[in-house]
Amino acid sequence: MAALEDFSRQIEARLAAARREPRWQAAETAQFMAALEPRRRQFEEIAPRLVKAIIRPRLQAVASYFPNAAPDRADRSDRSVYWFG
């Protein structure tokens, strides 16, 4: 029974940690965002190619099995969206 109680306490502790708001100082936030910026730019460069070559064809293949699937009207190069009505 002690093992189950320990397990329950671990779950409670992890859930409490997940609910806590991050407490970053402004300088920490600025540093994090500055470090993230090159990765975001790199993603923006790569995303259209990944969508065109990999994601969109696979999504179209899956959507072809559903008669109620329709592509989103907004044609964007960096994402692919289908609606399943």
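Our subject is the structure listed above.
This one's a predicted model, so the numbers in the text were calculated from it and none came from an experiment. (Residues numbered from 1 in each chain as written. Predicted model: local features only at pLDDT ≥ 70, side-chain atom pairs only at ≥ 80, totals over all residues. Heavy atoms only, no water.)

(A) Representation of helix H2 (residues 26-63). Here H2 spans only 45 Å end to end across 38 residues, well under the 56 Å set by a 1.5 Å rise per residue. Val51 marks where H2 bends most, by close to 50°. Of all the residues in H2, the buried ones are Ala47, Val51 and Ala63. Buried residues along H2 sit against strand E1 (69-71) and strand E2 (82-84). (Helix = DSSP H or I, 4+ residues; strand = E, 2+ residues; numbered from the N terminus. Expected span 1.5 Å × (residues − 1). Bend = angle between axes of the 7 residues up to and from the residue. Buried < 20%, exposed > 50% of the residue type's maximum accessible area, 1.4 Å probe, protein only. Contact = heavy atoms within 4.5 Å.)

(B) Structural context of the pattern of salt bridges. Enumeration over the complete set of coordinates arrives at six salt bridges. Residues Arg40 and Glu44 are paired through a salt bridge, measuring 2.4 Å at the closest nitrogen-oxygen approach. Placement of the pair is Arg40 and Glu44 together in helix H2, with a separation of four residues, close to one helical turn. Its relative accessible area of 36% is what places Arg40 among the partly exposed residues. Across the pair Asp78 and Arg76 runs a salt bridge, and its minimum N-O distance is 3.2 Å. Given the relative accessible area of 38%, Arg76 is considered partly exposed. Within this structure, Glu37, Arg40, Arg41 and Glu44 form a network of salt bridges that share partners. (Salt bridge = Lys/Arg side-chain N within 4 Å of Asp/Glu carboxyl O.)

That is the geometry; function is a separate question.
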